[in-house]
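Summary of the model geometry
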Amino acid sequence: GGGEEGDARLNLTNLDLQAIRDIATSLNVFELLVGSICPSIFGHEVVKAGLLLALVGGRTRTPSDRTIGKRSDIHVLVVGDPGMGKSQMLTAVAALAPRGVYVCGNTTSSSGLTVTVVKDSITGDFALEAGALVMGDQGCCCIDEFDKMSSG
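What comes next concerns the included structure. (Residues numbered from 1 in each chain as written. Predicted model: local features only at pLDDT ≥ 70, side-chain atom pairs only at ≥ 80, totals over all residues. Heavy atoms only, no water.)

**Quick look at the nonpolar core**
Ile-37, Cys-38, Leu-51, Met-89, Val-93, Cys-140 and Cys-142 are the most contacted members of the largest nonpolar core, which totals 15 residues. Every element with two or more residues in this core is listed here: helix H3 (45-56), helix H4 (86-96) and strand E4 (140-144). Among the elements that make up this core, the one with the highest residue count is H4 (five residues). Ignoring sequence-local partners within four residues, the contact set of Cys-140 consists of Leu-55, Val-93, Ala-97, Arg-99, Gly-100 and Val-101. Core analysis: the second largest hydrophobic core is formed by five residues, Val-101, Leu-113, Ala-132 and Met-149 among them. (Core = buried A, V, L, I, M, F, W, Y, C linked by side-chain atoms within 4.5 Å. Buried < 20%, exposed > 50% of the residue type's maximum accessible area, 1.4 Å probe, protein only. Helix = DSSP H or I, 4+ residues; strand = E, 2+ residues; numbered from the N terminus. Contact = heavy atoms within 4.5 Å.)

Listed below in structure tokens is the structure:
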């Protein structure tokens, strides 16, 4: 039926379709995609490439004997001097991912990444609220300022 989730239609112009064809036949698609991640930050192509690879993931491998397969998604740790654009790149990646979540370490705790107990101000009942890692499951969870996160 119309309006159901997953029933979205794209309205592409002829110019859009030609741009898609040009990109598809380009010899440097990877470089184009890397340059498209947070273009306001100059340089840092290796960091952007790592973030792009984390976004798209890989192919899950299941051995022929049906034992536990190899994980296809990677984790990325970005470390660098202040003012290098790390937060902007993480924010951009979280916005690009279909299930992207961005949290800052100074506003959450390590236990709050998974679940938080909240009290309803009206009823006084307690409830569990999903944390960033739960909300970003099968997506991308970007944790900034990890060193400033409290332990409890």
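**Considering the packing of helix H2 (residues 29-36) against H3**
Closest axis-to-axis distance for the H2/H3 pair is 9 Å, and the angle between their directions is 100°. Taken together, the axis directions place H2 and H3 in an arrangement best described as roughly perpendicular. Between H2 and H3, the contacting residues are Phe-30, Leu-33 and Val-34 on the first element and Glu-45, Lys-48, Ala-49, Leu-52 and Leu-53 on the second. Of the residues contributing to the contact of H2 with H3, the split by class is six nonpolar, no polar and two charged. (Axes fitted to C-alpha atoms, helices over the stretch in contact; angles between N-to-C directions. Parallel < 35°, antiparallel > 145°, perpendicular 65-115°, else oblique. Nonpolar A, V, L, I, M, F, W, Y, C, P; charged D, E, K, R; others polar.)

**Examining the environment of Lys-86**
Relative to the helices and strands, Lys-86 resides in helix H4. In contact with Lys-86, other than residues within four places in its own chain, are Val-78, Val-79, Gly-80 and Asp-81. A polar contact is formed between the side chain of Lys-86 and the backbone oxygen of Asp-81, at a distance of 2.8 Å. (Polar contact = N/O pair within 3.5 Å; in protein donor to acceptor, adjacent residues only side chain to side chain.)

**Side note on the packing of H3 against H4**
Two quantities define a packed helix pair, namely the angle between the axes and the distance from one axis to the other. Look at H3 against H4: their axes get within 11 Å of each other, and the N-to-C directions meet at 25°. Taken as axis vectors, H3 and H4 run roughly parallel relative to one another. Crossing of H3 over H4 shows right-handed handedness. Packed against H3, whose contacting residues are Val-47, Lys-48, Leu-51 and Leu-55, the element H4 presents Met-89, Leu-90, Val-93 and Leu-96 at the interface. Of the residues in the contact of H3 with H4, the class split is seven nonpolar, no polar and one charged. (Left-handed = near helix turned anticlockwise from the far one by under 90°.)

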